[in-house]
Amino acid sequence: MAPPADGSCCKGPGYASPADAMAKGPREKLVYVPCIQTVEGRKDYLATVCVDPDSPDYSKVVHRLPMPHENDELHHSGWNTCASCHGDEKSTRDKLILPSLGSSRIYIIDMSDPAQPKHHAVVEPEDLKAVGYSRPHTSHCMKSGDVIVSMMGDENDGAKGGFVVLDGQTWKIKGSWNSEDDVTPFGYDFWYQYKFNVMISSEFGSPCRWWKCFNPADVPTDYGTSLHVWDFNQRKYQYSVPLGEEGLIPLEIRFLHNPEKPVGFVGCALSSTIFKFELSEESGKWEAEKVIAVGPKAVEGWALPNMPGLITDILISMDDRFLFFSNWLHGDIRQYDITDPAAPKLVGQVFLGGSITKEGSVKVTDDKELSEQPAAAKVQGRVLHGGPQMIQLSLDGKRLYVTDSLLTPWDRQFYPNLISNGTAMVQVDVDTVKGGLTINDKFLVDFGKEPDGPVVAHEVRYPGGDCSSDIYLPNELLPNA
């Protein structure tokens, strides 16, 4: 199987614009998925999955790169360079940044051969503790070639939001991106925009709480409810945007891909809401408003009398037309038309497992949306034991890849069958004209049948960049502007 080309149309990595990526990007042929062990003594690994329907290896794991240590809990990943380095002839997208939530290691993976990743370097937990941090999460490259990684814990595993800078050549820590006076109560995800000299970050909670399990009693004191606004050039905290009770646990944050527009969205997990944030012309400050809400379902046979949807991942299509998100507990993925960002319209929905299926032990007693509980989802006869969690969209917006593990302590708590049977990776076809989501029954990666036993799979990443890895340059910063 030939390795896929990056598809870049100019010098340097990525594309000049989201429109170029959508129109000129080749169909994805390989994707990378972190696989997390559920049994002590085994090592996590990075799986390379073939997604080329013309290949005999379609929907198969074609390569596995084991980590050198146990108990890492691989999670998200990012690239050493992306569209923010577009036009730089010296930049090559050939390293994958792979943070570990459990061990606080950061692996640097050599991707120069896309079909056979190999180890390149590692940032040890002691290196992070030396600059006052632990629990790395999101990584984004900068135009300078260095990489920013968000942090969720301090050196003693207490709550602390901040960022470290990795040297994009040596992979040594350069230091904290922000000053010690500018840390936030909690950390999680972030996104920046050069045009508006801004970075906005979100909040999860205290590592000592979420790493054990989820306890609703911890929410008032140990989980976040705010966005944080930073001066990107000066690396300075400016102010917070409180989201209140309707914005509990704001996780994944996405700006529109168009770098000329000061608009973005964040998914608030526990409140099951989507907030739009925008730079106000009147106040000159970033402000947020709730634009989507998924109502809780009254249930029997579950931990609480009301079950939230639990929005755990969101994505925006490259043309900024559609927003997608996953309800990990309710079990559905939704597609909204965001042509008017202030008034999203639901245009697609599909159920992929979840906790309210009619075959399960939970009885829904009051549901404002559904007339009956959905049937258990199956692909090629294989039951999906969890709920849809991480999602990744093809550059052309037509294919959505889905995995179902959130975090192993939470997987054990909410979906024990996911631990014993392993996760599944499925693909959903997207109607890009009218909207609509349909399961592709020809694609299934059953991680319950891995050579050394079941594993749980997390975020999906493409070799040439994708809808959650690449940040685009405004026109004035493009080459020959």
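The structure this text deals with has already been given above.
Residues numbered from 1 in each chain as written. Predicted model: local features only at pLDDT ≥ 70, side-chain atom pairs only at ≥ 80, totals over all residues. Heavy atoms only, no water.

S.K.: Would you mind showing me how to read the overall build of the protein here?
M.R.: A tally of helices and strands in the protein yields 6 helices and 33 strands. By the compact-globule yardstick of 23 Å for 481 residues, the protein fits well, its C-alpha radius of gyration being 21 Å. Within the protein, the proportion of its 481 residues that are buried is 62%. Long-range contacts, defined here as pairs at least 24 residues apart, represent 58% of the contacts in the protein between residues at least 6 apart. With the model as given, the accessible surface of the protein reaches about 17700 Å², and the carbon-plus-sulfur share is 47%. The distance from the centre of the 45 positive side-chain charges to the centre of the 66 negative ones in the protein is 3 Å. (Helix = DSSP H or I, 4+ residues; strand = E, 2+ residues; numbered from the N terminus. Rg over C-alpha atoms; globule rule 2.2 N^0.38 Å. Buried < 20%, exposed > 50% of the residue type's maximum accessible area, 1.4 Å probe, protein only. Contact = heavy atoms within 4.5 Å. Areas by Shrake-Rupley, 256 points an atom, 1.4 Å probe, with all protein chains shown as cover. Lys, Arg positive; Asp, Glu negative; His and termini not counted. Charge placed at Lys NZ, Arg CZ, Asp CG, Glu CD.)

S.K.: Explain the layout of surface pockets here, please?
M.R.: Gaps between atoms show up when a probe of the same size as a water molecule is rolled over them. Approximately 370 Å³ is the volume attributed to the largest pocket. Along the wall of the largest pocket there are 22 residues; nearest its centre are Gly354, Ser355, Thr357, Gly360 and Tyr415. Within the lining of the largest pocket, the residues separate by chemical class into 11 nonpolar, 10 polar and 1 charged. Approximately 310 Å³ is the volume found for the second largest pocket. Taken together, 18 residues form the lining of the second largest pocket, with Phe214, Leu270, Leu304, Asn306 and Pro308 sitting closest to its centre. Examining the composition of the lining of the second largest pocket, we find that 3 residues originate from one element, helix H5 (residues 408-414), more than from any other. Grouping the constituent residues of the lining of the second largest pocket by class yields 14 nonpolar, 4 polar and no charged. (1 Å grid on protein atoms, 1.4 Å probe; cavity = no way out; pocket = protein on both sides within 12 Å on 5 of 7 lines; lining within 4 Å. Points joined across faces, edges and corners; volume = space filled by probe spheres on them. Nonpolar A, V, L, I, M, F, W, Y, C, P; charged D, E, K, R; others polar.)

S.K.: Explain the side chain of Thr138 here, please?
M.R.: Mapped onto the fold, Thr138 is located in strand E8 (residues 134-141). Residue Thr138 is classed as buried on the basis of its relative accessible area of 7%. Aside from chain neighbours lying at most four places away, what touches Thr138 is His76, Ile148, Val149, Ser150, Tyr188, Asp189 and Phe190.

S.K.: Where do I start with the pattern of salt bridges in this structure?
M.R.: Pairing is possible between side chains of opposite charge, provided their charged atoms come close. For the structure on display, the rule yields 32 salt bridges. In this structure, Asp20 and Lys24 form a salt bridge, with 3.7 Å as the shortest nitrogen-oxygen distance. Linking Asp20 with Lys24, this pair stays in helix H1 (residues 18-24), spanning 4 residues, or about one helical turn. For Lys24, a relative accessible area of 48% corresponds to the partly exposed category. A salt bridge links Lys276 to Glu278; its shortest N-O distance comes to 2.7 Å. The exposure class assigned to Lys276 is buried, which follows from its relative accessible area of 6%. Overall, the relative accessible area of 30% leaves Glu278 in the partly exposed class. Residues joined by salt bridges that share partners form a network here, namely Lys297, Asp332, Arg334, Asp367 and Glu369. (Salt bridge = Lys/Arg side-chain N within 4 Å of Asp/Glu carboxyl O.)

S.K.: I keep staring at the packing of aromatic side chains and nothing clicks. Help me out?
M.R.: Each pair of aromatic rings is reported with the distance of its centres and the angle of its planes. Taken as a whole, this structure holds 30 aromatic pairs when the rule is applied. Ring centres 5.1 Å apart and planes at 85 degrees place the aromatic pair Phe255 and Phe277 in the edge-to-face group. Note that Phe255 is positioned in strand E16 (residues 250-255) and Phe277 in strand E18 (residues 273-279), a separation of 22 residues in sequence. Across this residue pair, the class does not change: Phe255 and Phe277 are buried. Positioned above the aromatic ring of Trp211 is the side chain of Arg135, whose terminal nitrogen or guanidinium carbon lies 5.1 Å from the ring centre. A cation sits over an aromatic face here: Lys160 above Tyr133, 4.3 Å from the ring centre. (Phe/Tyr/Trp six-rings, centres within 6.5 Å; stacked < 30°, edge-to-face > 60°. Lys NZ or Arg CZ within 6 Å of the ring centre and 35° of its normal.)

S.K.: Teacher, can you tell me more about the sheet that holds strand E24 (residues 332-337) here?
M.R.: Picture the strands of a sheet paired through backbone hydrogen bonds; they go either parallel or antiparallel. Sheet architecture is open: 4 strands sit in the order E22-E23-E24-E25, paired in antiparallel fashion. Either end of the sheet is taken by a strand with one partner, and the two such strands are strand E22 (311-316) and strand E25 (345-351). Looking at each pair of strands side by side, their axes are set apart by 20 degrees on average, direction ignored. Bridge count between E22 and strand E23 (residues 322-327): 5 bridges; the pairing is antiparallel. Residue Ile314 lies in a different strand from E23, and its bridge partner there is Phe325. (Pairing = 2+ DSSP bridges. Axes fitted to C-alpha atoms, helices over the stretch in contact; angles between N-to-C directions.)

S.K.: Mind showing me how you'd approach the sheet that holds strand E20 (residues 297-300) here?
M.R.: If you walk across this open sheet you meet the 3 strands as E21-E20-E26, and the pairing is antiparallel. At either margin of the open sheet sits one strand with a lone partner, and together these are strand E21 (306-307) and strand E26 (363-366). Two strands pair when backbone bridges link them, and E20 and E26 are joined in this way by 3 bridges, in the antiparallel orientation. Each bridged residue has a counterpart across the sheet, and for Glu300 the counterpart in E26 is Lys363.

S.K.: Just to check I follow, could you spell out unusual backbone geometry for this structure?
M.R.: Comment: phi is negative for the bulk of residues other than glycine, and the bulk of peptide bonds are trans. The backbone phi angle of Asp157 is positive, close to 75 degrees, even though this residue is not glycine. At Leu310, a residue that is not glycine, the phi angle is positive and equals roughly 60 degrees. Looking at where Leu310 falls in the secondary structure, it is placed in the loop between E21 and E22.

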